[in-house]
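Observations on chain architecture
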Amino acid sequence: MHSLILATATRLLLPLMLMFSIFLLIRGHNEPGGGFVGGLVAGAGFTLYAAAYGVSQASNMLRIDPKRLIGAGLLVAVSSALLSLFLGLPLMTGLWYKEPLPVIGKVGTPMLFDVGVYLVVIGVTVTITFSLFEAEGE
Amino acid sequence: MVQTIALWVVLPLLSIAVALPVIRLVRGPSLPDRVVALDVMGTIAIAIFATYALINRKPAFLDAALVVGLIGFIGTIAFAYYTERRI
């Protein structure tokens, strides 16, 4: 299926969805949002791209194998829990940077954990939808 | 004042509006009719979220409406993909 309308709309919508997913990720600590929802929005954006341009082009754009994205996300999440051990605090203690940064707000290990969840959710949704599209094409 | 109008006029009208596509969804003779009915229900859901955010003064619901607006049509695209393949 190749539709010009869908392809053109995807070009405009994909950056918007990725930007909104990062917005959801960053402000998710105290307000609705967070790593999971942000990852779902980004995964939906890549799914849209795969529907418009085909799976091979979408994996080209993603650059990384989505299964590696899952591994990297798990590594980031675990490292956020281990970081407090190096300072002699109990495991999983939340560490916060003293000053809030201008755009992002307060930065700390819970934020790092959210980034890990974000990467895992993108990897899982993209793996599922790409393999579904590939099975459909056969 | 605006909240009162939204609560007693806009929300009932939207409730009626969301009931009509349900009839089309149940009775619709063909698959595309049902797909379009689902899409219309998604759009009305966005309107209900926005009205709810106005009534309760909670801007968080506007973000939910934004997410549904960005994601909702992907389901329609998937249905279009499926129907094109079936015909």
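Definitions and limits used
Residues numbered from 1 in each chain as written. Chains lettered and ligands numbered in written order. Predicted model: local features only at pLDDT ≥ 70, side-chain atom pairs only at ≥ 80, totals over all residues. Heavy atoms only, no water. Helix = DSSP H or I, 4+ residues; strand = E, 2+ residues; numbered from the N terminus. Buried < 20%, exposed > 50% of the residue type's maximum accessible area, 1.4 Å probe, protein only. Contact = heavy atoms within 4.5 Å. Areas by Shrake-Rupley, 256 points an atom, 1.4 Å probe, with all protein chains shown as cover. Lys, Arg positive; Asp, Glu negative; His and termini not counted. Charge placed at Lys NZ, Arg CZ, Asp CG, Glu CD. Expected span 1.5 Å × (residues − 1). Bend = angle between axes of the 7 residues up to and from the residue. Polar contact = N/O pair within 3.5 Å; in protein donor to acceptor, adjacent residues only side chain to side chain. Salt bridge = Lys/Arg side-chain N within 4 Å of Asp/Glu carboxyl O. Nonpolar A, V, L, I, M, F, W, Y, C, P; charged D, E, K, R; others polar. Axes fitted to C-alpha atoms, helices over the stretch in contact; angles between N-to-C directions. Left-handed = near helix turned anticlockwise from the far one by under 90°. 1 Å grid on protein atoms, 1.4 Å probe; cavity = no way out; pocket = protein on both sides within 12 Å on 5 of 7 lines; lining within 4 Å. Points joined across faces, edges and corners; volume = space filled by probe spheres on them.

A count of helices and strands for chain A gives 5 helices and 0 strands. With the principal axes as the frame, chain A shows a C-alpha extent of 55 × 30 × 20 Å. For chain A, the proportion of its 138 residues judged to be buried stands at 40%. A separation of at least 24 residues holds for 66% of the contacts in chain A among residues at least 6 apart in sequence. Total accessible area on chain A is roughly 8,200 Å²; 70% of this is exposed by carbon and sulfur atoms. One finds the centroid of the 7 positive side-chain charges in chain A at a distance of 9 Å from the centroid of its 7 negative side-chain charges.

Okay, helix α1 (residues 4-27) of chain A next. All names here are of chain A. When the terminal C-alpha atoms of α1 are compared, their 35 Å separation across 24 residues agrees well with the 34 Å that a helix rising 1.5 Å per residue should span. Its axis deflected by about 30° at Arg 11, α1 carries its strongest bend there, up to four residues before the proline Pro 15. What α1 keeps buried is the set Leu 6, Ala 7, Thr 10, Leu 13, Leu 14, Met 17, Phe 20, Ser 21, Leu 24, Leu 25 and Arg 27. Its side-chain oxygen at 3.5 Å from the backbone nitrogen of Ile 5, Ser 3 defines the N-terminal cap of α1.

Taken together, the contact between chain A and chain B spans 15 residues of the former and 12 residues of the latter. Linking chain A with chain B are 1 salt bridge, by the criterion used here. Our enumeration of links across chain A and chain B arrives at 1 residue pair in polar contact (both at pLDDT 80 or more). Of all the secondary-structure elements, those providing two or more residues to the side of chain A that touches chain B are α1, α2 (35-53) and α5 (109-137) of chain A. Top contributing element to the side of chain A that touches chain B by residue count: α1(A), with 7 residues. Grouping the amino acids of the side of chain A that touches chain B by side-chain chemistry returns 13 nonpolar, no polar and 2 charged.

Residues and elements named next belong to chain B. Its 27 residues give helix α3 (residues 60-86) an end-to-end C-alpha distance of 40 Å, which sits within 8% of 39 Å, the value for a rise of 1.5 Å per residue. The largest bend in α3 is about 30°, located at Gly 69. When we look at burial in α3, the residues that qualify are Asp 63, Ala 65, Val 67, Leu 70, Ile 74, Ile 77, Tyr 81 and Thr 83.

Moving on to the packing of α2(A) against α3(B). Closest axis-to-axis distance for the α2(A)/α3(B) pair is 10 Å, and the angle between their directions is 35°. Every pair of crossing elements has a handedness; the one defined by α2(A) and α3(B) is left-handed. Taking contact as the criterion, the partners of Val41(A), Ala44(A), Leu48(A) and Ala51(A) in α2(A) are, on α3(B), Val67(B), Ile71(B), Phe73(B), Ile74(B) and Ile77(B). Tallied by class, the residues present in the contact of α2(A) with α3(B) amount to 9 nonpolar, no polar and no charged.

The next subject is the layout of surface pockets. Space inside the largest pocket adds up to approximately 230 Å³. The set of elements that each furnish at least two residues to the lining of the largest pocket consists of α2 and α5 of chain A together with α3 of chain B. In the lining of the largest pocket, the residues fall into 9 nonpolar, 2 polar and 1 charged. The space that makes up the second largest pocket amounts to roughly 200 Å³. If you go around the second largest pocket, you meet 14 residues; those closest to its centre are Leu38(B), Asp39(B), Gly42(B), Gly72(B) and Thr76(B).

The values reported here are purely geometric and, on their own, carry no functional implication.
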